[in-house]
Amino acid sequence: MRLQTKRYLADDGVNIVADIAGEPGAPRVVLMHGGGQTRHSWQGLMGALVTRGYRVVNFDARGHGESDWAGVGGYGLARHAHDLARVLEEEGAPAALVGASLGGATALRAMAEGVRPAAVILVDIVP
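All values reported here derive from a predicted model rather than from experimental measurement. Along each chain, residues carry numbers from 1 onward, in the same order as the chain's sequence is written. In view of the model being predicted, local features appear only for residues whose pLDDT reaches at least 70, and side-chain atom pairs are presented and counted only at 80 or more, with totals across whole chains, interfaces and linings using the full set of residues. The basis for the side-chain values is all heavy atoms of the structure; hydrogens and waters are excluded.

Caption draft 1: A look at the side chain of R79. Here a strand is any run of E in DSSP of at least two residues, a helix any run of H or I of at least four, and the numbering for each starts at the N terminus. Along the chain, R79 turns up in helix α2 (residues 77-91). Should any heavy atoms of two residues lie within 4.5 Å, those residues are considered in contact. In contact with R79, not counting residues within four places along its chain, are A10, D11, D12, R62, G73 and G74.

Encoded structure:
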């Protein structure tokens, strides 16, 4: 699997770092880790999805892994949802969203704010 590392600039100046793999025109899947984790927690799934023909974006939430830390008040679900919307804006929608814990809550908040994913898979969290 050939990974590309990419940075997305959030509207508050925070850089969000992601690994991307798969063909550009393939169906998209966005992976979002839980609190206290990094994008590396999804590496096995990312490889399996790419092998099956998906384009996968696997990003570190703000304050996690290689993504920037934010200032005071920069970690609410609204901020995380805006980061997800930024990634989707640049990568193209629709995408299936896979989120564990914080990542799942981010997907739910983003949907409440108008993001319309192709599918949502929640891990360790319920609506």
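Caption draft 2: Here's a closer look at empty space enclosed by the protein. In this analysis, the protein atoms alone were mapped onto a 1 Å grid. Cavities are point sets where a 1.4 Å probe fits without being able to get out; pockets are open sets with protein on both sides within 12 Å along at least five of seven lines; lining residues have an atom within 4 Å of a point. Grid points are joined across faces, edges and corners, and a volume is the space filled by probe spheres set on the points. The full count for this structure, using the stated rule, is one cavity of 30 Å³ or more. Approximately 60 Å³ is the volume found for the largest cavity. In terms of lining residues, the largest cavity is bounded by M32, H33, F59, A61, H80, D83, L102, G103 and T106. Those elements that place two or more of their residues in the lining of the largest cavity are α2 and α3 (102-112). With three residues, α3 is the largest single contributor of residues to the lining of the largest cavity.

Caption draft 3: Representation of the packing of α2 against α3 in the model. Axis lines are fitted to C-alpha atoms, over the contacting stretch for helices. Their N-to-C directions set the angle, which ranges from 0 to 180 degrees. Close contact between α2 and α3 brings their axes to 8 Å; oriented N to C, the two are set at 80°. Taken together, the axes of α2 and α3 are roughly perpendicular relative to one another. Contacts between α2 and α3 involve L77, A78, H80, A81 and L84 from the first element and L102, A105, T106, A107, R109 and A110 from the second. Within the contact of α2 with α3, the residues separate by chemical class into eight nonpolar, two polar and one charged. Orientation is classified from the angle alone, with under 35 degrees giving roughly parallel, over 145 giving roughly antiparallel, 65 to 115 giving roughly perpendicular, and any other angle giving oblique. Residue classes follow a fixed rule: Ala, Val, Leu, Ile, Met, Phe, Trp, Tyr, Cys and Pro count as nonpolar, while Asp, Glu, Lys and Arg count as charged, and any other residue, Gly among them, counts as polar.

Caption draft 4: Inspection of the packing of aromatic side chains at higher detail. Two aromatic rings from Phe, Tyr or Trp, using only the six-membered ring of Trp, form a pair when their centres are within 6.5 Å; if the ring planes differ by under 30 degrees the pair is stacked, by over 60 it is edge-to-face, and anything between is tilted. Summed over the entire model, instances satisfying the criterion amount to one aromatic pair. Measuring from ring centre to ring centre gives 6.3 Å for W69 and Y75, while their planes differ by 75°; the resulting arrangement is edge-to-face. Only protein chains enter the area calculation, which uses a 1.4 Å probe; residues under 20% of their type maximum are buried, those over 50% are exposed, and those in between are partly exposed. The class of W69 is exposed, set by a relative accessible area of 68%. The partly exposed category is assigned to Y75, whose relative accessible area is 33%.

Caption draft 5: The arrangement of unusual backbone geometry in detail. Unlike most non-glycine residues, S101 shows phi in positive territory, near 50°. Turning to its location among the elements, S101 is positioned in the loop between β5 (95-100) and α3. Residue S101 is classed as partly exposed on the basis of its relative accessible area of 31%. The backbone of D124 shows a phi angle near 65°, a positive value even though the residue is not glycine. Inspection of the secondary structure assignment puts D124 in the segment after β6 (119-123).

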